[in-house]
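Next come the chains, spelled out residue by residue.
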Amino acid sequence: MWRNDGWDVRVRLGVLTPHADVGPESELRAMAPSDVGLHTARVPFGAMRSGGGMDPTIPLAPVRAFAEPPFVDEAAERLAAAPLDAMGFAFTSSAYVLGAAAEAAMLDRLCTRAGGVPVVATCAAMVEALRVIGASRPALVDPPWFDTELNELGRRYYQDAGFEVPFSAPCSLPSGQTLVRPADLYEWVSAHVPERADAVVLGGNGLRAVGVIERLELRLERPVLTPNQVLLWAMLRAAGTFTDDITGYGRLFSLPEPPPRERAASAR
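What you see is a predicted model, and the numbers here were worked out from it, not measured in a lab.

A. Seen up close, the environment of Ala139. Checked against the element boundaries, Ala139 lands in strand β5 (residues 138-142). You can call Ala139 buried: its relative accessible area is 0%. Linking Ala139 and Val200, residues 61 residues apart in sequence, is a C-alpha distance of 4.9 Å. Excluding anything up to four places from it in sequence, Ala139 contacts Phe167, Val193, Pro194, Ala197, Ala199, Val200 and Val201.

This is how it looks when you write it as structure tokens:
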């Protein structure tokens, strides 16, 4: 009788995203089932201008500042005033710059500001996803707006987590969140990922990437992980809910659900 109005959902997820970025919301909504609510708070990011413009490469100082108080903390507190089940930090590069220990401390801080709502971060989720799929040698492909220094910090982040990284580079595509086309990203990754890599990791929540996951996995015959894909996966786990109706966005969503005891632990 009544049209779907978006109110009847089984889980509500909050997302912290740079103020002029459209990538996380676009990709999360594309992947998430209709009964998963998505609610976003925008956080000032000094490297982005009105309209989403950026320099060809982003400097490290605003990347570091994005994860620091007060703006992201205030956004988390305001967002958690809504009835949320989990929250995601939709930003990759701050973890590269800060390292895993500081990333974990940031998550503890944000969880406290969010009144105990579990908060997950993109890079920590990527590490967990790599372990769950059994990969040990991921190739890392970052957005064109990551310079070689930031990309090298990304390589080090995954190496410090215990992975070998046989390939690491920013993709040489047009630099801008609205300029990357799925076909171009597909061809670039296909041409550059070495045989020795047993998985592909794409960096940058603003990189238009989830549309190529399925075809890349078919072509490369290896798992492909992208920032917003693993963030959705991690938020659902943190909320204590799992879904078998996310299809077409990679092997990660087709893995068996963990047993109830492990499921409860992952939500803490």
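The discussion continues.
B. Representation of helix α6 (residues 122-133) in the model. The end-to-end C-alpha separation of α6 is 16 Å, in line with the 16 Å expected for 12 residues at 1.5 Å each. Regarding α6, the residues found buried are Thr122, Cys123, Ala125, Met126, Val127, Ala129 and Leu130. Taken from the residues just after α6, Gly134 is the one with a positive phi, measuring 80°.

C. View of the environment of Gly162. When you line up the elements, Gly162 lands in the loop between α7 (148-160) and β6 (168-170). Gly162 sits in the exposed class, given a relative accessible area of 63%. Residues Gly162 and Met31 lie 131 residues apart in sequence; the distance between their C-alpha atoms is 29 Å.

D. Spatial organisation of the sheet that holds strand β2 (residues 36-43). Strand order in this open sheet of four strands is β2-β1-β3-β4, and the pairing throughout is parallel. Since the sheet does not close on itself, it has two edges, and those belong to β2 and β4 (119-121), each with one partner. When strand polarity is set aside, the average angle formed by the axes of neighbouring strands in this sheet is 25°. For strand β1 (residues 11-18) and β2, the ladder comprises eight bridges, and the chain directions are parallel. Within β2, the residue paired with Val11 across the bridge is Val36. Packed onto the sheet, helix α3 (residues 71-79) meets β1, β2 and β3 (86-89) and runs at close to 145° relative to β2.

E. Focus on the pattern of salt bridges. Enumeration over the complete set of coordinates arrives at 10 salt bridges. In this structure, Arg155 and Glu152 form a salt bridge, with 3.6 Å as the shortest nitrogen-oxygen distance. Taken together, the positions of Arg155 and Glu152, both in helix α7 and three residues apart, correspond to about one turn of that helix. The shortest N-O distance in the salt bridge between Glu164 and Arg196 comes to 2.2 Å. Linking Glu164 in the loop between α7 and β6 with Arg196 in the loop between α8 (182-192) and β7 (199-202), this pair joins segments that are 32 residues apart in sequence. A relative accessible area of 36% places Glu164 in the partly exposed class.

F. Looking closely at the nonpolar core. Membership of the largest hydrophobic core comes to 96 residues, with the highest contact counts inside it found for Leu16, Met87, Phe89, Tyr158, Leu185 and Val189. Examining the composition of this core, we find that eight residues originate from one element, helix α10 (residues 227-238), more than from any other. Those residues within four positions of Val189 in sequence are excluded, and the remaining contacts are Val141, Val200, Leu202, Leu216 and Leu220.

G. Fine view of the packing of aromatic side chains. The tally for this structure, following the rule as stated, stands at 10 aromatic pairs. Taking 5.0 Å as the distance between ring centres and 75° as the angle between the ring planes, the aromatic pair formed by Phe45 and Phe91 counts as edge-to-face. With a gap of 46 residues between them, Phe45 in the loop between β2 and α2 (60-66) and Phe91 in the loop between β3 and α4 (93-98) connect regions that are remote in the sequence. Each of the two residues, Phe45 as well as Phe91, counts as buried. On the numbers, 5.2 Å between centres and 80° between planes, the contact of Tyr157 with Tyr158 is edge-to-face. Each member of the pair Tyr157 and Tyr158 is classed as buried. An aromatic cluster is built from Phe45, Phe66, Phe89 and Phe91, whose rings are joined through pairwise contacts. Sitting over the ring of Tyr186, Arg215 keeps its end group 4.6 Å from the ring centre.

Conventions we followed
- Residues numbered from 1 in each chain as written.
- Predicted model: local features only at pLDDT ≥ 70, side-chain atom pairs only at ≥ 80, totals over all residues.
- Heavy atoms only, no water.
- Helix = DSSP H or I, 4+ residues; strand = E, 2+ residues; numbered from the N terminus.
- Buried < 20%, exposed > 50% of the residue type's maximum accessible area, 1.4 Å probe, protein only.
- Contact = heavy atoms within 4.5 Å.
- Expected span 1.5 Å × (residues − 1).
- Pairing = 2+ DSSP bridges.
- Axes fitted to C-alpha atoms, helices over the stretch in contact; angles between N-to-C directions.
- Salt bridge = Lys/Arg side-chain N within 4 Å of Asp/Glu carboxyl O.
- Core = buried A, V, L, I, M, F, W, Y, C linked by side-chain atoms within 4.5 Å.
- Phe/Tyr/Trp six-rings, centres within 6.5 Å; stacked < 30°, edge-to-face > 60°.
- Lys NZ or Arg CZ within 6 Å of the ring centre and 35° of its normal.

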